[in-house]
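Coordinates in review
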Amino acid sequence: TENPHEANLFYVPLLDYYRDHNLSPVHEFVWRGMMYIRKTYPQLYNRNRGKDHFLWLPGDLGACWVYDEPLVQNPIKIVHFGLQINASEYTHMPNYHWHPKHPTNKEYSCFKLEKDVVAPCHMPDDPPDVNKPEEAFGAALEGEGQRRQHLLAFLGGIRHHQPEYSGGARQAFHHYVVSRNLPSITHPNHYVKWRELYRRATFCFVPYGDGWGNRLPPTIMAACIPVIIQDYVHQPFSDVIPYQDFSVTLRVEDMPALPEILEAIPHEEVMAMRRTMYRLYRAFSWWEDGMAYNFTLLSLHRKLFNLW
C-alpha cells in the first residue's frame, strides 16, 4: 500500500551493504537512518517506537555491531547471521572481536528470534540452470534413493590460527573427524566444484565462518542433507521451516561422535529428509523460480504478532 496508515510494517531502505560492505561496523549508519525516520515521520515512528520498521543488514556479522540502544534495537533486522546468546554464555564461545569492544546487546547479542528474521544468502554464481536442483533431487529420490559415494563431505577452510572462526566448529571437525582418515568422509585439500562434491555425499557439514556461512543453500540444492553445527545460531526461516525434518543439527561438543551419529541414521529416514528438502528447497533461492522472498514475508508476518 502507498497509504502509510494502512501499513502494518515499514521497510527502511538503508542499503547498508553498499556503504559498509561485508565486514564493517554498521551501528552509526543504522543510528543515522533511524534518527532520520524518527524526525521525519514522528507520528508513524512513535506508533510503535520503531518496532514496526524493518531493515536489511546483510553483512557477515549482521546486527552484531548494533549497540544496545532502543533507537537501533527496536526495528526488525533481517540478517544472514542469527547468533543469539545471552551475555552469561559468552564464555562458552571463542573470543568474538565485536563483543569486548562494543556495547552490544547483552541479553540476546546479534539476533532475537521473537523479533528478527534470518534470510538465506543469494548465490549469484549458481542460477538454477547451473546448479540444477531438480536434476539432483531426481537422482536422489529415484527408486529407493541413490546411495552416494561419501557419507559426509565438507568443502572449506579450517583456520587453525583463528579459534573464533566458525565458533570452533571447523577446528573441531578437523581434529575429531578429518584426522581419523575415514574413507567415508571427504574434505578435499584441493579445488573441487562444490556441486560435484556435494552431489556425491549423503550429508554435508554446514558451519559458519567469520559470520554467516554460505553453505546451506548450495548443500540443499545438491540434495545433500545439511549437518548444521552452529552453536547459538538460528538458521534461515527457522521460525517457519521444520529443520528437524530435513537436516541434522548438532553442537560442537558432539563432533567426536559425528561419523557414528550419521552412520546410525536409517536409509528410510535419509529418504524422508530428502523428500522434505525437495518440497522446501525453493525457500532458499532468490532466483526467479525461488521462494525466499515469500518466506521472508511469512517470517515478517510471524514477527508482526510479537510486536505487542
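Please refer to the structure higher up on the page.
Reading the values: the criteria
- Residues numbered from 1 in each chain as written.
- Predicted model: local features only at pLDDT ≥ 70, side-chain atom pairs only at ≥ 80, totals over all residues.
- Heavy atoms only, no water.
- 1 Å grid on protein atoms, 1.4 Å probe; cavity = no way out; pocket = protein on both sides within 12 Å on 5 of 7 lines; lining within 4 Å.
- Points joined across faces, edges and corners; volume = space filled by probe spheres on them.
- Nonpolar A, V, L, I, M, F, W, Y, C, P; charged D, E, K, R; others polar.
- Salt bridge = Lys/Arg side-chain N within 4 Å of Asp/Glu carboxyl O.
- Helix = DSSP H or I, 4+ residues; strand = E, 2+ residues; numbered from the N terminus.
- Buried < 20%, exposed > 50% of the residue type's maximum accessible area, 1.4 Å probe, protein only.
- Core = buried A, V, L, I, M, F, W, Y, C linked by side-chain atoms within 4.5 Å.
- Contact = heavy atoms within 4.5 Å.
- Expected span 1.5 Å × (residues − 1).
- Phe/Tyr/Trp six-rings, centres within 6.5 Å; stacked < 30°, edge-to-face > 60°.
- Lys NZ or Arg CZ within 6 Å of the ring centre and 35° of its normal.

**Focus: the layout of surface pockets**
Of the pockets and cavities examined, the second largest pocket occupies roughly 330 Å³. In terms of lining residues, the second largest pocket is bounded by 17 residues, among which D60, W212, G213, N214 and R215 are the most central. Here the lining of the second largest pocket is built from residues that sort into 5 nonpolar, 5 polar and 7 charged.

**Description of the pattern of salt bridges**
This model, assessed by the stated rule, comprises 9 salt bridges. Taking the shortest distance from any N to any O, the salt bridge between E135 and R199 comes out at 2.8 Å. Of the two residues, E135 sits in helix α6 (residues 133-141) while R199 sits in the loop between α8 (194-198) and β8 (201-206), which places them 64 residues apart along the sequence. Residue E135 is classed as partly exposed on the basis of its relative accessible area of 46%. Two residues, D231 and R251, come together in a salt bridge whose shortest N-O distance is 3.9 Å.

**Examining the nonpolar core**
In this structure, F203 and L258 are the most contacted members of the largest nonpolar core, which totals 48 residues. Excluding residues within four positions of it along the chain, L258 makes contact with L152, F173, V177, V227, I229 and L250.

**Section: helix α2 (residues 27-40)**
Given a rise of 1.5 Å per residue, 14 residues ought to cover 20 Å, and the 20 Å separating the end C-alpha atoms of α2 matches this to within 8%. Along α2, the residues classified as buried are H27, F29, V30, G33, M34, M35 and I37.

**Digging into the packing of aromatic side chains**
For any pair of aromatic rings, the description consists of the separation of the ring centres together with the inter-plane angle of the planes. Applying the stated rule across the entire model yields 14 aromatic pairs. Where F154 meets F173, the ring centres are 5.6 Å apart and the plane angle is 80 degrees; that geometry is what we call edge-to-face. One end of the pair, F154, is in the loop between β6 (150-153) and α7 (169-176); the other, F173, is in helix α7, and 19 residues separate them in sequence. An aromatic cluster of three or more residues is present, and its members are F137, Y278 and Y281. Over the ring of Y232 we find R251, and its NZ or CZ is 5.1 Å from the ring centre.

**Quick notes on empty space enclosed by the protein**
By the definition in use, this model includes 3 cavities of 30 Å³ or more. Each pocket or cavity is described by its volume, and for the largest cavity that value is around 150 Å³. In terms of lining residues, the largest cavity is bounded by 20 residues, among which H80, G213, L216, Q235 and P236 are the most central. Elements with a contribution of two residues or more to the lining of the largest cavity: α9 (216-221) and β10 (233-234). Of the residues contributing to the lining of the largest cavity, the split by class is 12 nonpolar, 7 polar and 1 charged. What the second largest cavity holds in volume is close to 120 Å³. Forming the walls of the second largest cavity are 19 residues, and the residues nearest its centre are D126, N131, M221, S285 and W287. Mapped onto the lining of the second largest cavity, the elements with two or more residues apiece are α5 (128-131) and α9. Per element, the largest residue contribution to the lining of the second largest cavity is 3 residues, and it comes from α9.

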